[in-house]
Amino acid sequence: MDQLNVKSVDKAYGGVIANHDVSLTVPEGKIVGIIGPNGSGKTTLFNSIVGHHPIDSGEIHFNGKEISSLTIPQIARLGMLRTFQQTHIYGKMTCVQNMQISSDIDANWKRIFNPFSKEVDEMVDELLAFVGLYKKRFLLAGDLSFGQQKLLEFAMALMKKPTILLLDEPTAGVNPTLINGLIDRLRQVNEEKGITLLVIEHNMRVIMNLAEHIYCLANGTMLADGKPDDIQNDQRVIDAYLGN
Amino acid sequence: MITNNKQNMLIWIGLAISAVVPLLLPNYITVLTYIWVMIILALTWDMLGGQTGYTSFGNILFFGVGMYVSAVVQRDMFSSGLDRFERVSEIVVNLNASEYFVSLAVGTLAGAIVAVILAVILGSGILGMRGHYFAICTLGLGHAAAEIASGIDYIGAGSGMVTPIYPGELALSKEAFYYYAFMLFAIVTFFLFRKIYQSQFGLALNAIRDNENKAESMGIHTTQYKIAGWSIAAFFLAIAGAGVGNVIGFIDPVEIAFSGPTFGVWMIVMAILGGKGTIWGPVLGAVILYSAKETFWTYLLGWDKVALGLLIVIIVVYFPKGVLGYFKERKQLSNSILSQKGEG
Ligand SMILES: Nc1ncnc2c1ncn2[C@@H]1O[C@H](COP(=O)(O)OP(=O)(O)O)[C@@H](O)[C@H]1O
Ligand SMILES: [Mg+2]
């Protein structure tokens, strides 16, 4: 079944057409990639999907439900979360606090004036260990390196037990020695927790390795899509990356 | 980090002293009462201003509303209604002890409830806006409220109101009663707020402060948390307002109830001076600023406002993170120097 279904979405910023007639489908439990040169509209597409801004036209279905008029928190609560290209963490809070507040606090709002439950704290420790930040757990998130912040942001998203994760360039700015570990974890999350992944990635090697299906954006329109091998050999894709 | 237990011990020692001080220094009892008032003002301002980073210039609204609503309930609850030919601002109600305290309690609670309702309505309108836009929207709140109050005859219009006379037959003087009442209320506020800041709710407020976009994208209904935080502040601030109206005995819409240049500014300066976004900062700031103000007033007649203004400038320039923030940074610096030496 298609978990996410984007149908001919248009989005312009003033005169700049960032997305035009963009469609894609993400089947449940799969890893799908999005590639494209800088400024081709990849982040804009993510922003449209998660409700960051209204779209100009088109439809976005999540589990069969039209979501293009919902707000960010509403969509997040349906189980779709995104991470940012530039890290977004709570800088003046410790890693543990960043994780705690990423638990579903509204689920038991009657306990909202209590400290976090033991279950939440256990999950925090487990996920921080999973991304390799357990030893840094009492540091302020703002004091972590950029790559560590990306790992933290990824772990924070997992606290919400999402069914689909939208990752915006998860390896950009990450120390090359950490990238392989990160890819392993993405795959592990997909296989073990069954979380669908939609990944924007600039690093060709990474995405060819990770994704089962790849979409390529160029100048705001969908240029091509297919299996990694097909995309790699597609002349239009090669031109988009190498050409003007 | 100092644990809650250690903190609590210090608090109890401080409170034991506070409880006997008015007996030792009876002439200063009103000044000391105001220190408790200031602590409440600074603590409530910090709920939004420090914990979420949303600067409000309009919290004085809740203070004045609590003051007026309570005064009206106290005036009308046990009296047979207004004499139409009397000037409202001159009505002085005489109540016996039980009437006095019952109407005070009911009035205070009513004031707090009205303030919360206002906070929810106003907050729904303007707390959806980000940072500075919200701050700008709150700029006129106090002034607008003063204008409106000045036009309502039922509450004495521009001439204000008089709160009921404290019953004379009691052993406990009015000054002592309000001193201990405010002391108790400040303590309750402090412990409740500390509990809130250590809870899930408190962390949600901090998440909004650090990165509101992220909080939203993680499914936190940020506007609702901001409104809830503002409402809690309004509740406690209105209670303080109700009490202050009775301490002064007279309510003026511009000079007292909705007095932006005094209470309205002080609550902000105190929180920032002590260290906003912390539980102890506002307490410290309130004690320092109010003591300074009283000292200036006593020794620098006429120049007290200048001295206070100078103090505020010094704070903003040299202690932008407040006294607590300043010492925290010094400590971190010396810690990192020490650890470097240790490694060497
Ligand atoms: N908030 C914005 N306001 C105006 N223009 C924007 C905004 N965000 C993106 N754009 C423009 O939209 C186009 C697509 O940007 P983006 O989606 O960030 O590309 P990518 O993520 O593929 O690098 C670019 O031309 C960019 O300048
Ligand atoms: Mg981008």
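Before reading further, recall that the structure is shown in the block above.
Below, the structure is looked at part by part. (Residues numbered from 1 in each chain as written. Chains lettered and ligands numbered in written order. Predicted model: local features only at pLDDT ≥ 70, side-chain atom pairs only at ≥ 80, totals over all residues. Heavy atoms only, no water.)

As a further point, take the coordination of the magnesium ion (ligand 2). Residues and elements named next belong to chain A. The coordination sphere of the magnesium ion (ligand 2) contains the protein donors Thr43 (OG1) and Gln85 (OE1), at a distance range of 2.0 to 2.3 Å. Note that Thr43 is positioned in helix H1 (residues 42-49) and Gln85 in the loop between strand S6 (80-83) and helix H3 (95-100), a separation of 42 residues in sequence. Judged by its relative accessible area of 26%, Thr43 is partly exposed. (Donors = N, O, S within 2.8 Å, 3.2 Å for Na, K, Ca; no water. Helix = DSSP H or I, 4+ residues; strand = E, 2+ residues; numbered from the N terminus. Buried < 20%, exposed > 50% of the residue type's maximum accessible area, 1.4 Å probe, protein only.)

To continue, consider the pairing of strand S3 (residues 31-35) of chain A. Residues and elements named next belong to chain A. Most of S3 is tucked away: five of the five residues are buried. Where burial is concerned, the two faces of S3 agree: the one with Ile31, Gly33 and Ile35 and the one with Val32 and Ile34 are both buried. In the sheet, S3 pairs with strand S9 (residues 213-218) via four bridges, with the strands oriented parallel. Looking across to S9, one finds that Ile35 is bridged to Cys216. (Pairing = 2+ DSSP bridges.)

Residue and element names in this part refer to chain A. The sheet built from four strands is open, its strands ordered S2-S1-S4-S5 with antiparallel pairing. Here the strands that pair on one side only, and so sit at the sheet edges, are strand S2 (16-27) and strand S5 (65-66). As judged from the two bridges shared by strand S4 (residues 57-62) and S5, these two strands associate in the antiparallel manner. The residue of S5 that forms the bridge with His61 is Glu66. Sitting on the sheet, H1 touches strand S1 (2-13), S2 and S4, and the angle it makes with S1 is about 115°. (Contact = heavy atoms within 4.5 Å. Axes fitted to C-alpha atoms, helices over the stretch in contact; angles between N-to-C directions.)

Residue and element names in this part refer to chain B. This model, assessed by the stated rule, comprises ten salt bridges over all chains. Across the salt bridge formed by Arg130 and Glu216, the nearest N and O atoms sit 3.4 Å from each other. Of this pair, Arg130 sits in the loop between helix H4 (97-126) and helix H5 (131-138) while Glu216 sits in helix H9 (residues 212-217), placing them 86 residues apart in sequence. You can call Arg130 partly exposed: its relative accessible area is 32%. Taking the relative accessible area as the measure of exposure, Glu216 reaches 19% and is therefore buried. The residue Lys293 makes a salt bridge to Glu294 at a minimum N-O spacing of 3.2 Å. Judged by its relative accessible area of 17%, Glu294 is buried. (Salt bridge = Lys/Arg side-chain N within 4 Å of Asp/Glu carboxyl O.)

Time to look at the packing of helix H4 (residues 118-130) of chain A against helix H5 (residues 146-159) of chain A. All names here are of chain A. With their axes 10 Å apart at the nearest point, H4 and H5 run at an angle of 145° to one another. Crossing handedness for the pair H4 and H5: right-handed. Contacts between H4 and H5 involve Val120, Met123, Val124, Leu127, Leu128 and Phe130 from the former and Leu152, Phe154, Ala155, Leu158 and Met159 from the latter. Counted by class, the contact of H4 with H5 contains eleven nonpolar, no polar and no charged residues. (Left-handed = near helix turned anticlockwise from the far one by under 90°. Nonpolar A, V, L, I, M, F, W, Y, C, P; charged D, E, K, R; others polar.)

For the rest of this paragraph, the subject is the sheet that holds S3 of chain A. Strand pairing in a sheet relies on backbone hydrogen bonds, with the paired strands running either antiparallel or parallel. Residues and elements named next belong to chain A. Across the sheet, which stays open at both edges, the six strands sit in the order S6-S7-S8-S3-S9-S10 with mixed pairing between neighbours. Taken across any chain shown, the strands that pair with only one partner, and hence form the sheet edges, are S6 and strand S10 (221-226). Averaged over all pairs of adjacent strands, the angle between strand axes in this sheet comes to 15°, irrespective of strand direction. Pairing analysis gives four bridges linking S3 to strand S8 (residues 196-200), with the strands arranged parallel. Within S8, the position partnered with Ile34 by the bridge is Ile200.

Let us look at the interface of chain A and chain B. Contacts between the two partners involve 30 residues from chain A, matched on the other side by 24 residues from chain B. Both faces considered, chain A and chain B share a buried interface measuring about 2,400 Å² in area, 62% of it formed by carbon and sulfur atoms. Note that Lys214 of chain B is salt-bridged to Glu153 of chain A, the shortest N-O span being 3.1 Å. At the junction of chain A and chain B, the tally comes to 14 residue pairs in polar contact (both at pLDDT 80 or more). Mapped onto the side of chain A that touches chain B, the elements with two or more residues apiece are helix H2 (72-77), S6, H3 and H5 of chain A. Broken down by element, the side of chain A that touches chain B gets its largest block of residues, four residues, from H2 of chain A. Of the residues in the side of chain A that touches chain B, the class split is 16 nonpolar, seven polar and seven charged. (Buried area = accessible area lost by both parts, 1.4 Å probe. Polar contact = N/O pair within 3.5 Å; in protein donor to acceptor, adjacent residues only side chain to side chain.)

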